Amino acid sequence: MPELPEVEHTARQLRDAIIGAKIREVLVFWENTIGHPDLPDFLAEIADRDILSVRRRGKFLILDLSGELILTIHRRMTGNLLLLPPGWEIDTSLKTSDPFTWNIKGPLIHRYSTGNAETTTDETSSDLLYCRVCFNLADGRRLLYTDPRKFGRIELWPREREQEALKSLGTEPLSEDFTPEILAKSLSGRKSPIKQVLLNQEVIAGLGNIYADEALYYASIHPLRRANSLTPAEVQLLHEGIVSVLTLGIEHGGTSFSEYRDLWGEAGDNYNHVRVYHQEGKPCLRCSTPIERIVVAQRSTHFCPKCQKLTLV
Ligand SMILES: [Zn+2]
């Protein structure tokens, strides 16, 4: 699932690639991906808008468009963006010939045939499957939104309603607003396990399963500790850990376990740098104790039982 570093990485790539481009039209292959407004309004409103800037807030990607509009993209589990150069065509014939397959895979996407039989392009790449929405740019490029599991949402809002569009997101962890004092305040009064609180987007915006586990390991805090039981020293370390693992995640281009790809279809490199996430059974890098996996708030949680002791405070 893309978390803050993956979304930030995509935002930076998009910024270099599509600012100044014009969205000619949008093709929607899975209607539920469009969360706001209704599909006919979405299609009418977004046509011929210029892309003015690209931002990130929490796990949301935000495109500022001409006409005082914002486009929000929330990839949830498996959403990805892929930018194709001019020369690709979209084949929607499955929609009528095989609706069952269409609903799973979406359109077939391949390069224009050049007339000679020689087509050496990798048209079977799984990165081109599961396209739910396609933004056709005026310069001939296409920005694909792919999403095998279909949980992601794309919405169009007037800029003045941005708060409403982003729901109630908490502090941005890489902003100056995020201080140990703010973190301490956010945790006080919360009796839930610290892991669960870190995943709550209304507390800190952008942390998900990978970076929450990594930050807790950094701070040597057991994921089941009650959030309000952390000492000031632990809060300080946790703050440092959150900033550190997110910053490193961005530097490494994000973490890929299965679906995540960047704008050019490349997997991120941060997988080689995680300490505990998906490392169960492997030795802790600090003490060699095997990393354990438990379930917290229905999410896989990884920790070192020796470095992250469950002290009952
Ligand atoms: Zn350890």
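Position numbers for residues start from 1 in each chain and track the written sequence from start to end. Thresholds applied to this predicted model are a pLDDT of at least 70 for local features of residues and 80 or more for the giving and counting of side-chain atom pairs; totals over whole chains, interfaces and linings are not thresholded and use all residues. Each side-chain value is worked out from all heavy atoms of the structure, with water and hydrogens disregarded.

(A) The packing of helix α8 (residues 209-218) against helix α9 (residues 232-251), seen in detail. Viewed as axis vectors pointing N to C, α8 and α9 meet at an angle of 130 degrees, and their least axial separation amounts to 8 Å. As judged from the angle between their axes, α8 and α9 are oblique. For the pair α8 and α9, the crossing hand works out as right-handed. Note on element contacts: α9 touches α8 through Leu-237, Leu-238, Glu-240, Gly-241, Ile-242, Ser-244, Val-245, Leu-246 and Gly-249, opposite Tyr-211, Glu-214, Ala-215, Leu-216 and Tyr-218. Between N-to-C directions, angles span 0 to 180 degrees; the directions come from axes that are lines fitted to C-alpha atoms, helices contributing only their stretch in contact. Each helix is a run of H or I in the DSSP string that is no shorter than four residues. Each strand is a run of E no shorter than two, and both are numbered from the N terminus. Orientation is classified from the angle alone, with under 35 degrees giving roughly parallel, over 145 giving roughly antiparallel, 65 to 115 giving roughly perpendicular, and any other angle giving oblique. Crossing handedness is read from the near helix: turned anticlockwise from the far helix by less than a right angle, it gives a left-handed crossing, and turned clockwise, a right-handed one. Contacts between residues were defined by any pair of non-hydrogen atoms, one from each residue, lying within 4.5 Å.

(B) Focus on the sheet that holds strand β11 (residues 153-158). The nine strands lie next to each other as β2-β11-β5-β4-β3-β1-β9-β10-β6, forming an open sheet whose pairing is mixed. Whereas interior strands pair on both sides, the edge strands pair on one side only; in this sheet they are β2 (34-36) and β6 (80-84). Across this sheet, the average inter-strand angle for adjacent strands is 30 degrees, counted without regard to direction. Note on pairing: DSSP must find at least two bridges between two strands before they are called paired. Both strand β4 (residues 60-65) and strand β5 (residues 69-74) contribute to a ladder of six bridges, which runs antiparallel. Counted as the bridge partner of Asp-64 is Ile-70 from β5. Strands β3 (49-57), β4, β6, β9 (131-137) and β10 (142-146) of the sheet are contacted by helix α1 (residues 4-18), whose axis makes an angle of about 155 degrees with β3. Strands in contact with helix α2 (residues 39-46) are β1 (22-28), β2, β3, β4, β5, β9 and β11; relative to β1, the strand with the most contacts, it is inclined by about 160 degrees.

(C) Examining α8 more closely. We call a residue buried when its accessible area falls under 20% of the maximum for its residue type, exposed when it is over 50%, and partly exposed in between, using a 1.4 Å probe and counting protein chains only. Judged by how many residues are buried, α8 sits mostly within the fold: nine of ten residues are covered. Every buried residue belonging to α8 is among Asn-209, Ile-210, Tyr-211, Ala-212, Asp-213, Glu-214, Ala-215, Leu-216 and Tyr-217, and all of these are buried. Buried residues along α8 sit against α1, α7 (194-199), α9 and β13 (299-303).

(D) Just the side chain of Thr-146, in detail. Tracing the chain through its elements places Thr-146 in strand β10. Discounting chain neighbours no more than four positions away, the residues touching Thr-146 are Thr-78, Gly-79, Asn-80, Asp-127, Leu-129, Tyr-130, Cys-131 and Arg-132.

(E) Examining the pattern of salt bridges more closely. Here a salt bridge means any side-chain nitrogen of Lys or Arg lying within 4 Å of a carboxyl oxygen belonging to Asp or Glu. Throughout the structure, instances matching the rule amount to 15 salt bridges. With its nearest N and O atoms 2.8 Å apart, the salt bridge here joins Asp-48 to Arg-24. A residue pair is termed long-range when its members are at least 10 positions apart, and Asp-48 in the loop between α2 and β3 and Arg-24 in strand β1 qualify at 24 residues. Classification of Asp-48 by relative accessible area gives partly exposed; the value is 39%. Assessed through its relative accessible area of 43%, Arg-24 is described here as partly exposed. For Asp-64, the salt bridge identified is with Arg-159, shortest N-O distance 3.4 Å. Of this pair, Asp-64 sits in strand β4 while Arg-159 sits in the loop between β11 and α5 (162-165), and the two are 95 residues apart along the sequence.

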